[in-house]
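Residues per chain are reported as follows:
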Amino acid sequence: MNEEEIIDWLREEDEQKLETLWQRANETRIAHVGDQVHLRGLIEISNICARRCGYCGISADNRQIERYRMTEEEIMDCVQKAVGFGYGTVVMQAGEDYGITREWMAHIIRRIKAETSLAVTLSLGERPAEDLMAWREAGANRYLIRFETSNRILYDRIHPPLGDNPSDRFAILANLKKLGYEVGSGIMIGIPGQIYEDLARDILAFRKLDLDMIGVGPFIPHPETPLGQCLPDASVDEQVPNTEKMTYKVIALTRLVCPEANIPSTTALASLNKTDGRELGLMRGANIVMPNLTPPQYRVMYEIYPNKACINETSEACASCLSMRILNIGRAVGSGQGGRLKRNIPMSTMT
Ligand code: 5AD
Ligand code: FES
């Protein structure tokens, strides 16, 4: 699929035609990753952040929120819950918190790998290469860092540099791959100033980067951020809307372009449609969900955007909620770590 064809789909409004897109994405999902939906238990280990991303509710500039960093024992309690719920992976996510030291994190990773058979995924921001190497050596399997948008000008507008370090997430993604991580990235949909051409290029970048995991979700304005007052201007013809429907289009196209990738039906999508957003994501290309394992007292402090789904739930509630939702749409709860299945599929079949 080329840029023009992707743009045509992104602009498509005919419901019958869109139905064929959902079907193609679903068939591709079945053929390449099957019916299992893998569960990744998400532990939001710290909301402390050194960065000032213009959209993010836990940016260093937000003085309105209380900050926390979980202790080792609190994290290990969540890890034990993941084992109990039958999850195959824990994802440890945080703001870019340098109080999370290289050594401390490596120690936690070693403990998880020694005490459980879980895959360990990290989502800890733009850390120095030495940290990424130490954590890989400690046994971490996967790393997530979204490039958010492939439009460099737009990216720079919403990501002020930290000191004089220019932020280059594509370089970090390349390094992660070299270190032997399974690599995940993704974007936000409907960032103010993001146009259709940008979004089509984002999707093509997923294929070029040969990502193992691709997470996409709608941009949701957070009132305590610079972009929070900024609704995407729908009167500009080229502006991508930050809607539920646009999110399904991107999930479906991503599945067509990257048939083997692990693609979550994200919490941001579920936050726009709490009734069945997650299910529709899973029926239109996605094969992963990320139940939240964060202790309830910390969840409310990890509000990267408002009205986040599951903010008042317990880990137990999310575990049973998600397995019920998966079974209700006729899918199976995944077993094992659910890493990327690599098959040798000639590029020419990836239309
Ligand atoms: N709306 C939607 N997604 C957001 N993220 C951060 N802030 C927002 C927001 N306001 C996403 C970013 C980040 C991921 C962890 O959460 O894409 O990479
Ligand atoms: Fe958390 Fe449904 S997944 S309540």
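Just so it is clear, the model here is predicted, and its values are computed rather than measured.

**Student:** Would you explain the site of ligand 1 in this entry?
**Tutor:** In the vicinity of ligand 1, the residues found are Y55, C56, Q93, R146, E148, M188, P218, F219, I220, I304 and Y305. In this structure, Y55 approaches ligand 1 through a main-chain N or O atom, which is 3.0 Å from a nitrogen atom. At 2.9 Å from an oxygen atom of ligand 1 is found a side-chain nitrogen or oxygen belonging to R146. Expressed as a share of its isolated accessible area of 400 Å², the protein-covered part of ligand 1 is 86%. Most atoms of ligand 1, that is more than half of them, are within 2 Å of grid points of the largest cavity.

**Student:** What should I look at first to understand the environment of G228 in this one?
**Tutor:** Take G228: it is sitting in the loop between β6 (213-218) and α9 (244-257). Note: C-alpha distance between G228 and Y55 (173 residues apart in sequence) is 6.6 Å. Look past the residues within four positions of G228 in its chain and what remains in contact with it is P221, H222 and P223.

**Student:** Got a minute to help me understand empty space enclosed by the protein in this structure?
**Tutor:** Per the stated rule, a full pass over the model turns up 1 cavity of 30 Å³ or more. In this model, the largest cavity occupies a volume close to 1,100 Å³. As for the largest cavity, its lining consists of 47 residues, and the residues nearest its centre are Q93, S123, R146, E148 and I304. Elements with a contribution of two residues or more to the lining of the largest cavity: β1 (36-46), β2 (89-94), β3 (119-123), β5 (182-189), β6 and α10 (267-272). The element best represented in the lining of the largest cavity is β6, accounting for 5 residues. The residue inventory of the lining of the largest cavity, partitioned by class, reads 24 nonpolar, 14 polar and 9 charged.

**Student:** Quick question: what am I supposed to make of the packing of helix α2 (residues 15-33) against α9 here?
**Tutor:** A pair of packed helices is captured by two measures, namely the crossing angle of their axes and the spacing between those axes. Running from N to C, α2 and α9 point in directions that differ by 45°, and their axes come no closer than 9 Å. In terms of axis orientation, α2 runs oblique to α9. Here the hand of the crossing between α2 and α9 comes out left-handed. Contacts from E15, L18, L21, W22, R24, A25, T28, R29 and V33 of α2 reach α9 at K245, Y248, K249, A252, L253, R255 and L256. For the contact of α2 with α9, a count of residues per class yields 9 nonpolar, 1 polar and 6 charged.

**Student:** Is there a simple way to explain the nonpolar core in this structure?
**Tutor:** The nonpolar side chains of soluble globular proteins are, as a tendency, buried together. Core analysis: the biggest nonpolar cluster contains 92 residues, and L10, M92, M105, L122 and W135 have the highest contact counts within it. Of all the elements, α9 adds the most residues to this core, at 8 residues. Not counting residues up to four positions away in its chain, the partners in contact with W135 are T101, R102, M105, A106, I109, L122, L124, R127, A140, Y143 and Y181.

Calculation rules
- Residues numbered from 1 in each chain as written.
- Chains lettered and ligands numbered in written order.
- Predicted model: local features only at pLDDT ≥ 70, side-chain atom pairs only at ≥ 80, totals over all residues.
- Heavy atoms only, no water.
- Near = heavy atom within 4 Å.
- Polar contact = N/O pair within 3.5 Å; in protein donor to acceptor, adjacent residues only side chain to side chain.
- Areas by Shrake-Rupley, 256 points an atom, 1.4 Å probe, with all protein chains shown as cover.
- 1 Å grid on protein atoms, 1.4 Å probe; cavity = no way out; pocket = protein on both sides within 12 Å on 5 of 7 lines; lining within 4 Å.
- Sits in = over half its atoms within 2 Å of the grid points.
- Helix = DSSP H or I, 4+ residues; strand = E, 2+ residues; numbered from the N terminus.
- Contact = heavy atoms within 4.5 Å.
- Points joined across faces, edges and corners; volume = space filled by probe spheres on them.
- Nonpolar A, V, L, I, M, F, W, Y, C, P; charged D, E, K, R; others polar.
- Axes fitted to C-alpha atoms, helices over the stretch in contact; angles between N-to-C directions.
- Parallel < 35°, antiparallel > 145°, perpendicular 65-115°, else oblique.
- Left-handed = near helix turned anticlockwise from the far one by under 90°.
- Core = buried A, V, L, I, M, F, W, Y, C linked by side-chain atoms within 4.5 Å.
- Buried < 20%, exposed > 50% of the residue type's maximum accessible area, 1.4 Å probe, protein only.

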